[in-house]
Amino acid sequence: MWNYSKKLMEHFMNPRNSGQLPNPDGRSEVGSPQCGDAMTLDIEVDDDDRITDVRFMTFGCAGAIASASALTEIVKGKTLDEALSVTNEMVVEYLGGMPEEKFHCSVMGHEALEGAVRDFKRKRNTVRKHLEAMFRDLSWDSAGVLGGTPPGIAHVHPSRVLLEFPGDPGEGAVEAVSRELSGRVGRTVEVKVKR
Amino acid sequence: MKAYLDNNATTMIAPEVLEEMMPFLTHRYGNPSSFHSFGGEVMKEVEKARSRVARLIGAEPEEVFFTSGGTESDNTALRGGCSINPLRSGLLVSMVEHPAVLNTAKKMMRDGTPVGFVPVGGDGLPDMAALAEMLVPETGLVSIMTANNETGTKFPLAEVAEIVHPSGVLLHTDAVQAPGKMELDVKAMNVDMLSLSAHKFHGPKGVGILYVRRGVDLPPFIVGGHQESGMRAGTYNVPGIVGMGKAAEMALEELSAVAGNMKAARDRLEEGILESCPGASVVARDSDRLPNTCTVLFKGVESEAVMTILDMEGICVSSGSACSTGEIAPSHVLTAMGIDPMTANTAIRFSLSRYTSGEEIDVLLDILPGIIEKLRRISPYA
Ligand SMILES: Cc1ncc(COP(=O)(O)O)c(C=O)c1O
Ligand code: FES
């Protein structure tokens, strides 16, 4: 048996934030080349880039399960940048230490977080790219509702965008943009109006 | 501890064995090689032990050499067997051998010995056609275990001998897992060398034997004094040897009485697990297996996590992975059988002994399903 700390064992036996989100804003799947173990990590992110929810699933040892659990507890409520600055050592310390041979198990959690943030940013970039293309070239069906003047892009999120209209958005404009954008992205993207 | 289900790792010492050893740990401390009768009387006990072990495997006492255990016996058999004839220094071993054989073979290969690794099928049995094809004129020794320590699969040694012997090749078998669980007869198995280790059948740790068929011209294992006919020098490990003798006698006497019970208990454990743990499957279930062993794959659940919880509950089992260094390498036995590395990481081995009680199995069956269920809930692969 490994010499695991009380706190590590407690996280292993009662993992926090396990499971998956139905519609994650970012998801990753990573595996450890050292041992063949693997995990998934889902994040939900608000419009301030803050992690509002996070879930993990792990196929791995007690060290891997506990460090994934600890990581989710640490990063929940942090901004993406803050979360990414959480190091492996911090997770190990949070758990009251871990046998050195087991460090690779906690590395997996960190890689999963990086992967989920990367997935979030990739999804967000995809939405932004499509939105910019839609506003550059107003030739799509029902682009007419924008009256030739596209709104400004205030904020982009993988599942919603905040638009700034010069005046009052015309009748059905919000719905039309959302419909076209969702079609292009391949997933429902909500459109909100910045007042 | 509530349940000890790791008897393929080691077994408890039988009370009768300990009792026979005690005088040699206390007042009968004479050196068997001494001139005086205080030592000479002890030699009689060493020879009695040799005869008991010989009877266990159907050999002559002169063909039994005491060693420090299974690992030494395997090392000696491989290195010695390949050095008898310089023109026949080649070695073939199965891919599912214990590290005592496998790593010796790999080291010998690095040092220049031609070594081949015989593949096994999904049933865990060596591929006989491949073995026959891999035999070449330079092959001097083939080493195939009697029964596998992870899966319990028994290997058809007599069949292997039929392939190997006609071309003048020697056959060694690592029978460390066999005593007390199956019949052993070096004549019927038709082997030239055989390794045993006392602690796997309720004897003490650190003592074993290498059987060497009369006429096999093995070089001395360890050079020094004239003990063991000059084959294996070093003052006798008298308590160990005496203990091994008693353990061998008991293994032989009790085999017919206990093998059935052991199998019934193993089957109850196996069926209990399959019924209560979704996604569980038994490795090599349809093969002829030792009556005490079963390895179960728990889909989506990593074995070390399971063992960690079982350990907290006082239940001892093991996994096939070599995890002591932190790098969990999936079991070479399971991967050789074609099981993918991730699935191999879900393997737990349960191994019983004639002392395993029904309560121990009850405790396991009571606790295990909840553990598997709990870990499956957080697994991405369940
Ligand atoms: C099949 C097999 N061979 C060899 C050994 C090594 O024996 P020992 O522990 O006596 O060195 C073992 C036990 O670990 C074994 O299971
Ligand atoms: S050993 Fe694989 S995650 Fe810990």
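All values reported here derive from a predicted model rather than from experimental measurement.

Enquirer: Can you walk me through the overall build of chain A in this structure?
Expert: In terms of helices and strands, chain A carries 6 helices and 6 strands. Sequence-ordered secondary structure for chain A, helices as α and strands as β, is α-β-β-β-α-α-α-α-β-β-α-β. In terms of C-alpha radius of gyration, chain A reaches 21 Å, well past the compact-globule figure of 16 Å for 195 residues. Its C-alpha atoms put chain A at 70 × 30 × 25 Å along the principal axes.

Enquirer: Just to check I follow, could you spell out the interface of chain A and chain B for this structure?
Expert: How big an interface is tends to be stated in terms of accessible area lost as the parts join. Every contact between the two is made by 26 residues of chain A and, on the other side, 25 residues of chain B. Put simply, Glu304 of chain B and Lys102 of chain A hold a salt bridge, and the shortest N to O gap is 2.9 Å. Taken together, the links from chain A to chain B amount to 5 residue pairs in polar contact (both at pLDDT 80 or more). Of the residues that constitute the side of chain A that touches chain B, the class distribution is 15 nonpolar, 8 polar and 3 charged.

Enquirer: Just to check I follow, could you spell out the pattern of salt bridges for this structure?
Expert: It is possible for side chains of opposite charge to pair when their charged atoms get near one another. Evaluation of the coordinates by the stated rule reveals 36 salt bridges over all chains. Salt bridges sharing partners connect three or more residues here, namely Lys263, Arg266, Asp267, Glu270, Arg285 and Arg289 of chain B.

Enquirer: Would you mind going over the site of ligand 1 with me for this structure?
Expert: Residues and elements named next belong to chain B. Neighbouring ligand 1 are 13 residues, the closest being Thr71, Asp174, Gln177, Ser197 and Lys200. Within the side chain of Asp174, an N or O atom sits 2.6 Å from a nitrogen atom of ligand 1. Within the side chain of Lys200, a nitrogen or oxygen atom sits 2.8 Å from an oxygen atom of ligand 1. Among the residues making up the shell around ligand 1, the classes are represented as 2 nonpolar, 8 polar and 3 charged.

Enquirer: Any chance you could explain the nonpolar core here in plain terms?
Expert: In summary, soluble globular proteins display a tendency toward joint burial of nonpolar side chains. Membership of the largest hydrophobic core comes to 68 residues, with the highest contact counts inside it found for Ile43 of chain A together with Ile273, Phe298, Phe350 and Leu368 of chain B. Considering each element in turn, this core owes the most residues, 9 residues, to helix H2 (residues 62-75) of chain A. Not counting residues up to four positions away in its chain, the partners in contact with Leu368 of chain B are Ile273, Cys277, Phe298, Val306, Leu310 and Phe350 of chain B. Residues Phe66, Ile144, Leu171 and Leu196 of chain B belong to the second largest nonpolar core, which totals 66 residues.

Enquirer: Help me out: how do you make sense of the sheet that holds strand S1 (residues 26-31) of chain A in this one?
Expert: What links the strands of a sheet is backbone hydrogen bonding, and the strands pair in either a parallel or an antiparallel sense. Residues and elements named next belong to chain A. Here we have 3 strands laid out as an open sheet, ordered S1-S2-S3, and antiparallel in their pairing. Each edge of the sheet is formed by a strand with only one pairing partner; in this case those strands are S1 and strand S3 (51-59). Looking at each pair of strands side by side, their axes are set apart by 15 degrees on average, direction ignored. Relative to S3, strand S2 (residues 38-45) runs antiparallel, the two sharing 8 bridges. Among the inter-strand pairings, Glu44 is bridged to a residue of S3, identified as Asp53. The strands touched by H2 are S2 and S3; relative to S3, the strand with the most contacts, the crossing angle is about 175 degrees.

Enquirer: Explanation requested: the sheet that holds strand S10 (residues 293-298) of chain B in the structure shown.
Expert: Residue and element names in this part refer to chain B. Across the sheet, 3 strands lie side by side as S9-S10-S12; this open sheet has antiparallel pairing. The sheet is open, and its two borders are formed by strand S9 (280-282) and strand S12 (347-351), each paired with just one other strand. Averaged over all neighbouring strand pairs, the angle between strand axes comes to 30 degrees, with direction disregarded. Across 3 bridges, S9 lies against S10 in antiparallel orientation. When the bridges of S10 are listed, Ala280 appears paired with Phe298.

Enquirer: Looking at this model, I keep getting lost on the side chain of Asp74 of chain B. Mind explaining?
Expert: Residues and elements named next belong to chain B. The residue Asp74 is located in helix H3 (residues 70-81) in this model. Buried charge Asp74 goes without a salt bridge, the closest partner of opposite sign being Lys200 at 9.7 Å. When residues no more than four places from it in sequence are discounted, the contact partners of Asp74 are Ala100, Val101, His172, Asp174 and Ser195.

Enquirer: What should I look at first to understand a nonpolar patch on the surface in this one?
Expert: Together, Ile13, Leu18, Met22 and Leu25 of chain B make up an exposed nonpolar region whose accessible area comes to about 320 Å². By the element assignment, Ile13 of chain B lies in the loop between strand S1 (3-4) and helix H1 (15-25).

Enquirer: How should the packing of H3 of chain B against helix H4 (residues 99-110) of chain B be read in this particular structure?
Expert: Two quantities define a packed helix pair, namely the angle between the helix axes and the distance between the axes. All names here are of chain B. The N-to-C vectors of H3 and H4 enclose an angle of 40 degrees; their axes lie 9 Å apart at closest approach. Classified by chirality, the crossing of H4 by H3 is right-handed. Touching Thr71, Asp74, Asn75, Leu78 and Arg79 of H3 are Ala100, Val101, Thr104, Ala105, Lys107 and Met108, all from H4. A per-class count over the contact of H3 with H4 returns 5 nonpolar, 3 polar and 3 charged.

Enquirer: It is not clear to me how the pairing of strand S6 (residues 170-174) of chain B should be interpreted in this structure. Could you clarify?
Expert: Looking down a regular strand, the side chains alternate between one sheet face and the other. Residue and element names in this part refer to chain B. Counted residue by residue, S6 has 5 buried out of 5 residues, so it is predominantly covered. When strand S5 (residues 139-143) meets S6, the two strands line up parallel, connected through 3 bridges. Note that in S6 the partner of Leu141 across the bridge is Leu170. Since S5 and S6 lie parallel, the crossover through helix H6 (residues 157-164) that links them has a hand, and here it is right-handed. In this structure, S6 lies alongside strand S7 (residues 193-197), joined through 3 bridges in parallel fashion. Its bridge partner being in S7, Asp174 is matched across the sheet by Ser195.

Enquirer: Looking at this structure, how should I read helix H9 (residues 303-312) of chain B?
Expert: Each full turn of the α-helix corresponds to 3.6 residues, which orients residues three or four apart in the same direction. Of all 10 residues in H9 of chain B, 8 are buried; the element is thus mostly enclosed. The complete set of buried residues in H9 of chain B reads Ser303, Glu304, Ala305, Val306, Met307, Thr308, Ile309 and Leu310 of chain B. Check the buried side of H9 of chain B and you find it contacts helix H1 (6-13) and H2 of chain A together with strand S11 (315-316), S12 and helix H12 (358-377) of chain B. Structurally, the start of H9 of chain B carries an N-cap: the backbone nitrogen of Glu304 of chain B is 3.1 Å from a side-chain oxygen of Glu302 of chain B. One or two steps after H9 of chain B, the chain reaches Gly314 of chain B, where phi turns positive at roughly 80 degrees.

Rules and cut-offs
Residues numbered from 1 in each chain as written. Chains lettered and ligands numbered in written order. Predicted model: local features only at pLDDT ≥ 70, side-chain atom pairs only at ≥ 80, totals over all residues. Heavy atoms only, no water. Helix = DSSP H or I, 4+ residues; strand = E, 2+ residues; numbered from the N terminus. Rg over C-alpha atoms; globule rule 2.2 N^0.38 Å. Contact = heavy atoms within 4.5 Å. Salt bridge = Lys/Arg side-chain N within 4 Å of Asp/Glu carboxyl O. Polar contact = N/O pair within 3.5 Å; in protein donor to acceptor, adjacent residues only side chain to side chain. Nonpolar A, V, L, I, M, F, W, Y, C, P; charged D, E, K, R; others polar. Near = heavy atom within 4 Å. Core = buried A, V, L, I, M, F, W, Y, C linked by side-chain atoms within 4.5 Å. Buried < 20%, exposed > 50% of the residue type's maximum accessible area, 1.4 Å probe, protein only. Pairing = 2+ DSSP bridges. Axes fitted to C-alpha atoms, helices over the stretch in contact; angles between N-to-C directions. Lys, Arg positive; Asp, Glu negative; His and termini not counted. Patch = residues over 30% accessible without salt bridge, like charges linked within 9 Å, V, L, I, M, F, W, Y side chains within 5 Å. Areas by Shrake-Rupley, 256 points an atom, 1.4 Å probe, with all protein chains shown as cover. Left-handed = near helix turned anticlockwise from the far one by under 90°. Right-handed = clockwise from strand over helix to strand, strands pointing away.

Note that every value here comes from positions in space, so none of it alone points to a role or purpose.
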